[in-house]
Amino acid sequence: MRAIQLPGVGGELRTYTPRSESLVHASGAPFASRTVFSAAHVVADPYADVSPDSPAAVDWDATLAFRRHLWAHGLGVAEAMDTAQRGMGLDWAGAAELIRRSAAEAKAVGGRIACGVGTDQLTRGSLEEIRKAYEEQLALVEESGAQAILMASRALAAAAAGPEDYLEVYGHLLRQSSEPVVLHWLGPMFDPALEGYWGSSDLDAATDVFLQVIAAHPDKVDGIKVSLLDAGREIDIRRRLPQGVRCYTGDDFNYPELIAGDEQGFSHALLGIFDPLGPLAADAVRVLDTGDVKGFRELLDPTVELSRHLFQTPTRFYKTGVVFLAWLAGHQSHFTMVGGLQSARSLPHFARAYELADGLGLFPNPELAETRMRTMLSLYGVAQ
């Protein structure tokens, strides 16, 4: 492998020598100690004549192939979530088609799948309109045979007068759900429109309302996904959950320690970072299945630097890095995103992502990744 010149944040070039071999990851039995979902990205159709504000043009073959890749390593797929660019290039019509196709594929190959239920048919609306939007999406997910993940709603955040409106809307949905769902609390670092969710910007007060929803319907809540990037708060919430309700960490900054857990419990996982980390994350969880917490941490702790890099502020643009790494890894033939989101990060950001991912051995073909990185650099005018 030849040395490559990578740009830093100050415009300087540094020399990096790519690794010559990737790590070998074997598929294996289902996980025994943790339930683990990867929130998966969508692959755009690069030949579609669309603009950033057009409905998403999706390459369905490549999108479903990536889900089969995750299932082959034992991971569940969390479909039509934030990582799939819900509300950032993928509208409800596109998400509905994605849910139908992925759920059918999961059934065909025996993969585990859970799908996001939101209100993105609306931008704003009354509480009744918001309930109906949630109901429409919940019905589609349940009809597909997938587990439902009740996502946070921008429309509800805008319409709710206080905690009582959240209690009423979520209570209504949980009473009519046919199977236990996952409740998703997505913080404003991922979506600024969700500031003040659960009726307060005070996180202690918001947490109390969130727990009230669960306590009123524990038989209808399989678990919660907490995406606040606050390990201490997640642990506090986890310890206050009713018996039998799981905590799925969505903390892409602190996931190794949260999944490993402590003497009072642990978190399962539903993570966007497990899109690029899929095979390595699967290896780590299988080590944890043996009771080897130290071995688990030795595998997963080194990945945190990459995750924190991809999820750096503004956090909502982490999808750009995820898709960039999928292109370098050979999971898709191009670096194009729905909504034109490939422009959302800088060249130094991409260069550092490549360096960190390569150092972890994430690329099945390091030579291909290097060639594609050089192509990217040349497009930006960086001579090699």
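Residues numbered from 1 in each chain as written. Predicted model: local features only at pLDDT ≥ 70, side-chain atom pairs only at ≥ 80, totals over all residues. Heavy atoms only, no water.

**Student:** Can you break down the sheet that holds strand E9 (residues 246-249) residue by residue, with the values?
**Tutor:** One closed barrel accounts for 8 strands, arranged E3-E4-E5-E6-E7-E8-E9-E10; its pairing is parallel. Recorded for the sheet is a direction-independent mean angle of 25 degrees between the axes of neighbouring strands. For E9 and strand E10 (residues 268-271), the ladder comprises 2 bridges, and the chain directions are parallel. Each residue of the ladder has a partner; that of Thr-249, found in E10, is Ala-269. Across the sheet, helix H1 (residues 60-72) touches strand E3 (36-39), strand E4 (76-79) and strand E5 (113-117), and the angle it forms with E4 is around 140 degrees. Packed on one face of the sheet, helix H6 (residues 203-216) meets strand E7 (181-186) and strand E8 (221-227) and runs near 170 degrees to E7. (Pairing = 2+ DSSP bridges. Helix = DSSP H or I, 4+ residues; strand = E, 2+ residues; numbered from the N terminus. Axes fitted to C-alpha atoms, helices over the stretch in contact; angles between N-to-C directions. Contact = heavy atoms within 4.5 Å.)

**Student:** I'd like to hear about the environment of Leu-341, residue by residue, with values.
**Tutor:** Assignment of secondary structure puts Leu-341 in the loop between helix H12 (318-328) and helix H13 (347-359). As for Leu-341 and Leu-271, which are separated by 70 residues in sequence, their C-alpha atoms are 20 Å apart. Among residues more than four places away in sequence, those in contact with Leu-341 are Gln-85, Met-88, Phe-317, Lys-319 and Thr-320.

**Student:** Hey, could you go over the packing of helix H2 (residues 92-109) against helix H3 (residues 127-144) for me, with residue numbers and the actual values?
**Tutor:** Following both chains from N to C, one finds H2 and H3 inclined at 20 degrees, their axes separated by 9 Å at the closest point. The orientation of H2 relative to H3 falls into the category roughly parallel. Between H2 and H3 lies a crossing whose hand is right-handed. Every residue of H3 that contacts H2 at Trp-92, Ala-96, Ile-99, Arg-100, Ala-103 and Lys-107 is listed here: Glu-136, Gln-137, Leu-140, Val-141 and Ser-144. Taken together, the residues of the contact of H2 with H3 break down into 6 nonpolar, 2 polar and 3 charged. (Parallel < 35°, antiparallel > 145°, perpendicular 65-115°, else oblique. Left-handed = near helix turned anticlockwise from the far one by under 90°. Nonpolar A, V, L, I, M, F, W, Y, C, P; charged D, E, K, R; others polar.)

**Student:** Give me the lowdown on the side chain of Gln-332, citing residues and values where you can.
**Tutor:** Take Gln-332: it is sitting in the loop between H12 and H13. For Gln-332, a relative accessible area of 4% gives the class buried. In this structure the side chain of Gln-332 is engaged in a polar contact, spanning 3.1 Å, whose partner is the backbone oxygen of His-334. Look past the residues within four positions of Gln-332 in its chain and what remains in contact with it is His-41, Val-43, Val-323, Ala-326, Trp-327 and Arg-372. (Buried < 20%, exposed > 50% of the residue type's maximum accessible area, 1.4 Å probe, protein only. Polar contact = N/O pair within 3.5 Å; in protein donor to acceptor, adjacent residues only side chain to side chain.)

**Student:** A description of the pattern of salt bridges should follow, citing residues and the corresponding values.
**Tutor:** Considering all chains together, one arrives at 22 salt bridges under this definition. The shortest N-O distance in the salt bridge between Asp-222 and Arg-246 comes to 3.7 Å. Of the two residues, Asp-222 sits in strand E8 while Arg-246 sits in strand E9, which places them 24 residues apart along the sequence. By relative accessible area, which is 15% here, Asp-222 ends up buried. Across the pair Arg-374 and Glu-370 runs a salt bridge, and its minimum N-O distance is 2.7 Å. Of the two residues, Arg-374 and Glu-370 are both situated in helix H14 (residues 366-379); the distance of 4 residues between them amounts to about one turn of the helix. For the pair shown, Arg-374 and Glu-370 are each scored as buried. Residues joined by salt bridges that share partners form a network here, namely Arg-14, Glu-305, Arg-352 and Glu-355. (Salt bridge = Lys/Arg side-chain N within 4 Å of Asp/Glu carboxyl O.)

**Student:** Summarise the layout of surface pockets; cite the residues concerned and give the values.
**Tutor:** Of the volumes computed, that of the largest pocket is approximately 590 Å³. For the largest pocket, the lining is made up of 32 residues, of which Arg-86, Gly-87, Met-88, Asp-120 and Arg-154 are closest to its centre. Elements with a minimum of two residues in the lining of the largest pocket: helix H4 (154-159) and E7. A per-element tally of the lining of the largest pocket places H4 first, with 3 residues. Taken together, the residues of the lining of the largest pocket break down into 15 nonpolar, 8 polar and 9 charged. Volume-wise, the second largest pocket comes out at about 280 Å³. Taken together, 13 residues make up the lining of the second largest pocket; nearest its centre are Arg-238, Leu-241, Pro-242, Gly-244 and Val-245. The set of elements that each furnish at least two residues to the lining of the second largest pocket consists of helix H7 (231-239) and E9. Class assignment of the residues belonging to the lining of the second largest pocket gives a composition of 5 nonpolar, 5 polar and 3 charged. (1 Å grid on protein atoms, 1.4 Å probe; cavity = no way out; pocket = protein on both sides within 12 Å on 5 of 7 lines; lining within 4 Å. Points joined across faces, edges and corners; volume = space filled by probe spheres on them.)

Function cannot be inferred from these measures alone, as they are strictly geometric.
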